[in-house]
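Each chain, written out:
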Amino acid sequence: MTAMVSVRGVHRTYGSGRTAVHALRDVSFDVAPGELVALVGRSGSGKTTLLNVVGGLDRPDEGTVLVDGTEVTALDDGGLVRLRRDVLAFVFQTFGLVPVLSAAENVGVPLRLRATPVAERERRVELLLRLVGLADHADQRPEEMSGGQQQRVAIAAAVANAPRVLLADEPTGELDETTSGQVFEAIRHVNRELGTTTLIVTHDPSVAEHVRRTVQIRDGRTSTEVLRRSTVDEHGREQLVAEEFAVLDKVGRLQLPREFVEALELRDRVRLGLEPDHVSVWPDATEEDR
Ligand code: ADP
Ligand code: MG
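Keep in mind that this is a model prediction, so the values were computed, not measured.

Student: How do you make sense of the side chain of T196 when you look at a structure like this?
Tutor: Here T196 lies in the loop between α6 (177-194) and β8 (197-202). Residues in contact with T196, not counting those within four places in the same chain, are E35, V159, P163, R164, V165, L166, V190 and N191.

Student: I keep staring at the packing of aromatic side chains and nothing clicks. Help me out?
Tutor: Here a ring pair, both rings aromatic, is described through the centre-centre distance and the interplanar angle of the planes. Under the criterion given, the structure shown has 1 aromatic pair. Ring plane angle 5 degrees and centroid distance 5.7 Å describe the contact between F90 and F92, whose orientation is recorded as stacked. Looking at F92, the relative accessible area reads 37%, which means it is partly exposed.

Student: How should I be thinking about the nonpolar core in this particular structure?
Tutor: In terms of nonpolar packing, the biggest core is built from 35 residues, with V107, L129, V132, V153, I155, I200 and V207 touching the most fellow members. Of all the secondary-structure elements, those providing two or more residues to this core are β3 (36-40), β6 (88-91), α3 (103-113), α4 (118-131), α5 (147-158), β7 (165-169) and α6. For V153, the contacting residues outside a window of four places in its chain are L97, A103, N106, V107, L134 and M145. Counting 29 residues, the second-largest nonpolar core is a separate cluster that includes V5, V72, F90 and V201.

Student: Please explain unusual backbone geometry as it appears in this structure.
Tutor: Most peptide bonds take the trans form, and the phi angle of most residues other than glycine is negative. For D68, which is not a glycine, the phi torsion comes out positive at approximately 50 degrees. Within the secondary structure, D68 is located in the loop between β4 (62-67) and β5 (70-71). Looking at D68, the relative accessible area reads 32%, which means it is partly exposed.

Student: Where do I start with the pairing of β4 in this structure?
Tutor: On a regular strand, each side chain points to the face opposite its neighbour's, so the side chains alternate between the two faces of the sheet. When strand β1 (residues 5-14) meets β4, the two strands line up antiparallel, connected through 5 bridges. The partner of R8 across the bridge, within β4, is T64. Inspection of the sheet shows β4 paired to β5 by 2 bridges, in the antiparallel sense. Bridge pairing in β5 links L66 to E71. With antiparallel pairing between neighbouring strands as the criterion, β4 and β5 make up a hairpin whose turn holds 2 residues, including D68 at a positive phi of roughly 50 degrees.

Student: Explain the domain arrangement of the chain here, please?
Tutor: Its domain assignment divides the chain into domain 1 (5-263) and domain 2 (264-290). Using only C-alpha atoms to locate each centre, domain 1 and domain 2 end up separated by 38 Å. The partner domain 2 presents 4 residues to the 5 residues of domain 1 that form the contact. Counting the surface lost from both domain 1 and domain 2, the interface buries some 340 Å², and carbon and sulfur atoms represent 57% of this. Area buried by domain 1 at its contact with domain 2 is led by L256, V261 and A263, which between them contribute 77% of it. Summed over the shared surface of domain 1 and domain 2, the result is 0 salt bridges. Viewed at the interface, domain 2 and domain 1 are joined by 5 residue pairs in polar contact (both at pLDDT 80 or more). Class assignment of the residues belonging to the side of domain 1 that touches domain 2 gives a composition of 4 nonpolar, no polar and 1 charged.

Student: I tried to follow the site of ligand 1 on my own but got confused; where do I start?
Tutor: Every residue near ligand 1 is listed here: Y14, V21, A23, R42, S43, G44, S45, G46, K47, T48 and T49. Measuring from an oxygen atom of ligand 1, one finds a backbone N or O atom of S45 at 3.2 Å. With respect to ligand 1, the backbone of G46 contributes an N or O atom lying 3.1 Å from an oxygen atom. Alone, ligand 1 offers 560 Å² of accessible surface; in the complex the protein occludes 59% of this. Breaking the shell around ligand 1 down by element, the ones donating at least two residues are β2 (21-31) and α1 (47-54). Class assignment for the residues of the shell around ligand 1 results in 3 nonpolar, 6 polar and 2 charged.

Student: What am I meant to see in the sheet that holds β2 here?
Tutor: Whether parallel or antiparallel, the strands of a sheet pair through hydrogen bonds between backbone atoms. Taken together, the 4 strands give an open sheet; going across it, the order is β2-β1-β4-β5, and neighbouring strands pair in antiparallel fashion. Since the sheet does not close on itself, it has two edges, and those belong to β2 and β5, each with one partner. In terms of strand pairing, β1 meets β2 through 7 bridges, oriented antiparallel. Note that in β2 the partner of R12 across the bridge is L24.

Student: What is the right way to look at the environment of F260 in this model?
Tutor: By secondary structure assignment, the location of F260 is in helix α7 (residues 258-263). Looking at F260, the relative accessible area reads 45%, which means it is partly exposed. Filtering out sequence-adjacent residues up to four positions away, F260 remains in contact with E244 and L266.

Here is what the cut-offs are and how they apply
- The residue numbering used here restarts from 1 in each chain and proceeds along that chain's sequence as written.
- Chain letters and ligand numbers both follow the written order, the letters beginning at A and the numbers at 1.
- Owing to the predicted nature of the model, reporting of local features is limited to residues with pLDDT of at least 70; listing and counting of side-chain atom pairs is limited to 80 or more, with chain, interface and lining totals taken over all residues.
- To obtain the side-chain values, all non-hydrogen atoms of the structure were included, while hydrogens and water were left out.
- In DSSP terms, a helix is any run of H or I states spanning at least four residues, a strand is any run of E spanning at least two, and both are numbered starting from the N terminus.
- By definition in these notes, contact holds between two residues if any of their heavy atoms fall within 4.5 Å.
- Centres within 6.5 Å are what make two rings of Phe, Tyr or Trp a pair, Trp counting through its six-membered ring; a difference in plane orientation under 30 degrees is then read as stacked, over 60 as edge-to-face, and the rest as tilted.
- Per-residue accessibility, obtained with a 1.4 Å probe over protein chains only, is compared with the maximum for each type, and a residue is labelled buried under 20%, exposed over 50%, and partly exposed between these values.
- As used here, the term nonpolar core means buried Ala, Val, Leu, Ile, Met, Phe, Trp, Tyr and Cys residues forming a set that is joined through side-chain atoms within 4.5 Å.
- Pairing between strands is defined by DSSP: at least two bridges between the two strands are required.
- Here the bounds of each domain stem from an automatic or database domain assignment.
- By buried area we mean how much accessible surface two parts lose on assembly, using a 1.4 Å probe and totalling the loss over both.
- Any Lys or Arg side-chain nitrogen found within 4 Å of a carboxyl oxygen on Asp or Glu counts as a salt bridge.
- Whenever two N or O atoms come within 3.5 Å, that pair is a polar contact, provided that in protein one can donate a hydrogen and the other can accept it, and provided that, for residues adjacent in sequence, both atoms are side-chain atoms.
- Think of it as three bins: nonpolar holds Ala, Val, Leu, Ile, Met, Phe, Trp, Tyr, Cys and Pro, charged holds Asp, Glu, Lys and Arg, and polar takes everything else, Gly as well.
- Distances are taken per atom, and a residue is near a molecule or strand as soon as one of its heavy atoms is within 4 Å of it.
- Each accessible area value is a Shrake-Rupley result obtained with a 1.4 Å probe; residue values ignore everything except the protein chains displayed when judging cover.

And the structure:
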């Protein structure tokens, strides 16, 4: 299946010379149509830069980005405007709601801009508010709602015109843990019910409980991926299995998860073995003699 979002060999450097900051170094990854992916990493690891490059808000120095088959990195300004109008939607840490409008009216704004007929608009607004768990708050203004509720209104508004892709940058940045969970769940419902391909960028590791695929970014490179799937055990109970994968770049480099490195006290160099169906990694046994 063709990816909905395809990032290939993207580099982005700010500044030049000795003060250059390599925000992204050879990042590649794909997001399948309808997939919900979280991109996690510490502050400064390159998450926002990557999301901005995917959304056409920033241009990479090298590499390509395709969204729904369109090469974002080759678009002119007019093409970028159309992409952001017809294909992409954004959610940011700040909610961006209109203070004097109710939740329902805020969600209706993008529909009005498209001249959606009233009856259809009302149906759509109702559906969207229900998806984000705010059916009972339609008439409240932003100041009458909690931060988490406001963010859920912002999510409903972002997907009002059925974008193919939703990009969320630190959507829970200002929120406490419980509220963050509700915001991630709202995004998950939207993803599942509307099929919106979604990329959430966050430094909040709790996002992992709400998505099946988490990609870790470290120092401008994707390092590991965790995939979760549910299986049924021998007693017929559903169990969630998490598998961790390291990302292998095109020259064969990979980053071992920090816990693995620490558990075996790996450092400087390791011994590798090629087996018929796997590669083994041992601590360097000669180290004691050095
Ligand atoms: P994150 O979103 O993961 O916190 P960013 O993508 O914002 O990370 O930043 C990655 C790196 O690039 C950081 O070192 C940051 O300081 C640097 N950076 C981001 N934007 C700029 C800019 N406009 N000019 C210079 N450096 C920048
Ligand atoms: Mg950021």
